[in-house]
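# Reading the structure
Each chain is listed here by its residues.
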Amino acid sequence: MLMTGAQYIESLRKLNTRVYMFGEKIENWVDHPIIRPSINCVAMTYDLAQDPQYADLMTTKSSLTGKTINRFAHLHQSTDDLKKKVKMQRLCGQKTASCFQRCVGMDAFNAVFSTTYEIDQKYGTEYHKNFIEYLKYIQEKDLIVDGAMTDPKGNRGASPAGQKDADLFLRIVERREDGIVVRGAKTHQTGSINSHEHLIMPTIAMTEADKDYAVSFACPSDAEGLYMIYGRQSCDTRKLEEGADIDLGNKEYGGQEALVVFDNVFIPKDRIFLCGEYDFAGMMVERFAGYHRQSYGGCKVGVGDVVIGAAALAADYNGAQKASHIKDKLIEMTHLNETLYCCGIACSSEGYPTAAGNYQIDLLLANVCKQNITRFPYEIVRLAEDIAGGLMVTMPSEKDFKSETVVGKNGETIGDICNKYFAGSPEYTTEERMRILRFLENICLGSAAVGYRTESMHGAGSPQAQRIMISRQGNINAKKELAKTIAGIK
């Protein structure tokens, strides 16, 4: 069954998810003005799947059941699937100009599917069977799953087992006949509050001493002992202002991050996908990271399309659209954005089947993709801010533009003065100019920066994480042999 966006939102109301923000429990988090824009983003992924013109990108046939499912719940079966994934993510970015929060779960599905197959092959476990049955359930119900990998980590110089506080990496604290009990937390969790389920993975490669931390499992978002603390964003309290509209920039959509805490949560045996097999933790991490770094060649490109459009509109409203340097900056922004897209398509086109049967992207090219993502969106944003001008961050509030307080000697109100002195091209209204500048402020500096600028740096691993993988995958020795052969060195 494919849900609509409205049905998805209603399904969240049935959960007993425990959410805290600003030191208090949020009872009706579905309609909270700070949280709701991020829910609207996820709802868009459902509504696009209902639209016939996007059916080829947004839906596909399940490799497990043969039924039509949302592509966000799919196991990639070909390089064509991998490319369609990137194109779907670009589309969703274009429609929301924000983070739509389903990529992490999709990437976790594919990483856990292939890794559990290989664990079972070595140890005779039933993790792969467990996961297949779990994913069938997710596909049948059309649910959102938060893929959760990042631990708090504490002292970065110490291993999981070497931490002063043992909870700084999520761990198994009790093994029982019918399952396990886990304790710890996952940080920076994109869309966690908006998800029906959580799929947990280890965060780094591990040794035998860390085997209690080598754990992967699934649990409902409202499981007993699980709660979330919402991560605040720049300018987030603007959403609490009465009648807020223009000052919000992107009023309808937004991203979301949270700290997800596991306070002795019980996990049934049939929902466990890794339990102490520490030698496979690294494989799961690298496969997930590869898929997720591929994802950024789609989602960030879609948001980049909107940033470029907004910058071009700002130039129009400023009356500067004919200036040669403006045209050149828009060309450069487009060049950078399409280069990112090329990387996403390239690592997809070079994909290959895993032993389990689903398709893996080219890991080297996926890491090159994400390395570029840590840089190019920053330049795109810099150019957008350059085109927009300083008014993007010095403009009075929406209330000032609408104020009827008289301040002028001839009876002018504060609103009259603001609309007069902040007018741009006579072809457009002052409000239109104000709206696009607030929109750019929101993407470049405000709460949407979580879904674009800052997330481009740290999402799917920091820049150094990609450089480590590029070093491993770059095969320098083979390149040395090429040079030696041509240079005549035996």
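Small disclaimer: the values here were computed from a predicted structure and weren't measured.

### Structural notes on the sheet that holds strand β8 (residues 197-200)
Spatially, β5-β8-β9-β12 is the arrangement adopted by the four strands of the open sheet, whose pairing is mixed. Unpaired on one side and paired on the other, β5 (145-148) and β12 (272-275) mark the two borders of the sheet. Averaged over all pairs of adjacent strands, the angle between strand axes in this sheet comes to 20°, irrespective of strand direction. Bridging between strand β9 (residues 215-220) and β12 involves three bridges; their strand directions are antiparallel. Pairing of V215 across the sheet is with C275, part of β12.

### Comments concerning the sheet that holds strand β6 (residues 171-176)
Here six strands make up an open sheet; going across it, the order is β2-β1-β10-β11-β7-β6 and the pairing mixed. With partners counted over all chains shown, the strands left at the sheet margins are β2 (24-25) and β6, one partner each. Where β6 meets strand β7 (residues 179-186), five bridges bridge the pair, whose relative direction is antiparallel. Bridged to E174 within β7 is V181.

### Quick look at the packing of aromatic side chains
For the structure shown, the criterion picks out 12 aromatic pairs. Geometrically, the ring pair formed by Y8 and Y46 is stacked, given 5.0 Å between the ring centres and 20° between the ring planes. Taken together, the residues span a long stretch of sequence, with Y8 in helix α1 (residues 5-13) and Y46 in helix α2 (residues 36-50) at a distance of 38 residues. Between the aromatic rings of Y317 and Y428, the centroid separation amounts to 4.6 Å while the plane-to-plane angle is 55°, which identifies the pairing as tilted. Here Y317, found in helix α7 (residues 281-318), pairs with Y428, found in the loop between α13 (414-421) and α14 (430-444); they are 111 residues apart in sequence, far enough to count as distant.

### Re the packing of α7 against helix α8 (residues 324-349)
For the pair α7 and α8, interaxial distance at closest approach is 8 Å and the crossing angle is 165°. Viewed along their axes, α7 and α8 adopt a mutual orientation that is roughly antiparallel. Note that α7 runs across α8; the crossing there is left-handed. Two secondary-structure elements touch here, α7 through Q294, G297, K300, V301, G304, D305, V307, I308, A311, A312 and A315 and α8 through I326, L330, M333, T334, N337, E338, L340, Y341, G344, C347 and S348.

### Some words on the pattern of salt bridges
The final tally for this structure, using the stated rule, is 34 salt bridges. When the shortest N-O distance is used, the salt bridge between E398 and K402 registers 3.0 Å. Taken together, the residues span about one helical turn, with E398 and K402 both in helix α12 (residues 398-402) at a distance of four residues. The exposed category is assigned to K402, whose relative accessible area is 54%. Notably, a salt bridge pairs K484 with E481, separated by 3.4 Å at the nearest N-O pair. Residue K484 and its partner E481 are located together in helix α17 (residues 476-487), separated by three residues, close to a single helical turn.

### Side note on the side chain of N372
Relative to the elements of secondary structure, N372 occurs in helix α9 (residues 363-373). The class of N372 is buried, set by a relative accessible area of 15%. Discounting residues that sit within four places of it in the chain, N372 has contacts with L340, C343 and P377.

### Comments concerning the domain arrangement of the chain
Interfaces are frequently sized by the accessible area removed from exposure as the parts join. Here the domain parsing of the chain yields domain 1 (5-280) and domain 2 (286-487). Spacing between the C-alpha centres of domain 1 and domain 2 amounts to 25 Å. Contacts between the two partners involve 48 residues from domain 1 and, on the opposite side, 47 residues from domain 2. Summed over both partners, the interface of domain 1 with domain 2 buries about 4000 Å², with 60% contributed by carbon and sulfur atoms. Taken together, domain 1 and domain 2 are joined by six salt bridges. Applying the counting criterion to the domain 1 and domain 2 interface returns 23 residue pairs in polar contact (both at pLDDT 80 or more). Of all the elements in the fold, those that place two or more residues in the side of domain 1 that touches domain 2 are α4 (79-96) and α5 (103-123). Here the element with the most residues in the side of domain 1 that touches domain 2 is α5; it accounts for 11 residues.

### Describing the pairing of β7
Across the eight residues of β7, seven count as buried, placing the element largely inside the fold. The antiparallel pairing of β6 with β7 creates a hairpin that spans two residues between the two strands. As judged from the seven bridges shared by β7 and strand β11 (residues 258-268), these two strands associate in the antiparallel manner. For I180, the partnering residue across the bridge sits in β11 and is I267.

### Here we look at the packing of α7 against α9
A pair of packed helices is characterised by two quantities: the angle between their axes and the separation of those axes. Close contact between α7 and α9 brings their axes to 8 Å; oriented N to C, the two are set at 50°. Relative to α9, the element α7 is oriented oblique. Classified by chirality, the crossing of α9 by α7 is left-handed. Each of E286, G290, R293, Q294, Y296, G297 and K300 in α7 lies in contact with α9, whose residues at this interface are L363, A366, N367, C369, K370 and I373. When its residues are assigned to classes, the contact of α7 with α9 shows five nonpolar, four polar and four charged.

### Focus on the side chain of S38
Residue placement: S38 occurs in helix α2. Looking at S38, the relative accessible area reads 1%, which means it is buried. Separated by 2.6 Å, the side chain of S38 and the backbone oxygen of I35 make a polar contact. Side chain to side chain, S38 and Q256 meet in a polar contact 3.1 Å long. Ignoring sequence-local partners within four residues, the contact set of S38 consists of Q101, N194, Y230, G254, G255 and Q256.

### Describing the UniProt feature "domain: HpaB/PvcC/4-BUDH N-terminal" (unreviewed entry) in the chain
Sites flagged by UniProt as "domain: HpaB/PvcC/4-BUDH N-terminal" (unreviewed entry) map to residues 4-274. As annotated, residues 4-274 comprises 30% helix and 21% strand, and the C-alpha atoms at either end are separated by 33 Å.

### Focus on the nonpolar core
Ranked by internal contacts, the top residues of the largest apolar core, which has 78 residues, are Y8, W29, F109, F131, L199, F217 and F262. With seven residues, the top contributor of residues to this core is α5. Viewed by domain, this core spans two of them, domain 1 (5-280) and domain 2 (286-487), each represented by three or more residues. With residues near it in sequence (within four places) discarded, L199 still touches A108, F109, V112, F131, V145, D146, G147, A148, F217, A218 and F273. Listed in part, the 60 residues of the second largest apolar core include C92, F100, I373 and I436.

Conventions we followed
As a convention, each chain's residues are numbered from 1 in the sequence order in which they are written. With the structure being a predicted model, the display of local features is reserved for residues of pLDDT at least 70 and the display and counting of side-chain atom pairs for 80 or more, all residues being used for whole-chain, interface and lining totals. Only hydrogens and water are set aside when side-chain values are computed; all heavy atoms of the structure are taken into account. Being paired, for any two strands, means DSSP has found at least two bridges between them. Helix and strand definitions here come from DSSP, where helices need a minimum of 4 consecutive H or I residues and strands a minimum of 2 consecutive E residues; each element is numbered from the N-terminal end. Every axis in this analysis is a line fitted to C-alpha atoms, fitted for helices over the stretch in contact. Angles between the N-to-C directions lie between 0 and 180 degrees. Pairing of aromatic side chains here covers Phe, Tyr and the six-membered ring of Trp, requires ring centres within 6.5 Å, and sorts the geometry by plane angle: under 30 degrees stacked, over 60 edge-to-face, intermediate tilted. Any angle between 65 and 115 degrees counts as roughly perpendicular, while under 35 counts as roughly parallel, over 145 as roughly antiparallel, and the rest as oblique. Here is the rule for handedness: rotate from the far helix to the near one, and if that takes an anticlockwise turn smaller than a right angle the crossing is left-handed, while a clockwise turn gives right-handed. Should any heavy atoms of two residues lie within 4.5 Å, those residues are counted as being in contact. Think of a salt bridge as a Lys or Arg side-chain nitrogen and an Asp or Glu carboxyl oxygen that are within 4 Å of each other. Exposure is judged per residue with a 1.4 Å probe applied to protein chains only, and the accessible area is read against the type maximum: over 50% gives exposed, under 20% gives buried, and values in between give partly exposed. Where a domain begins and ends is set by an automatic assignment or by a domain database. Buried area is a sum: the accessible area each of two parts loses on coming together, probed at 1.4 Å, counted once for each and added. In protein, a polar contact requires one atom able to donate a hydrogen and another able to accept it; more generally it is a pair of N or O atoms within 3.5 Å, and residues adjacent in sequence count only if both atoms are side-chain atoms. Residues are sorted three ways: Asp, Glu, Lys and Arg are charged, Ala, Val, Leu, Ile, Met, Phe, Trp, Tyr, Cys and Pro are nonpolar, and all the rest, Gly among them, are polar. UniProt positions are given in the numbering used here, feature names are shortened, and annotations may be inferred rather than shown by experiment. Think of a nonpolar core as a cluster: buried Ala, Val, Leu, Ile, Met, Phe, Trp, Tyr and Cys residues, connected wherever their side-chain atoms sit within 4.5 Å.

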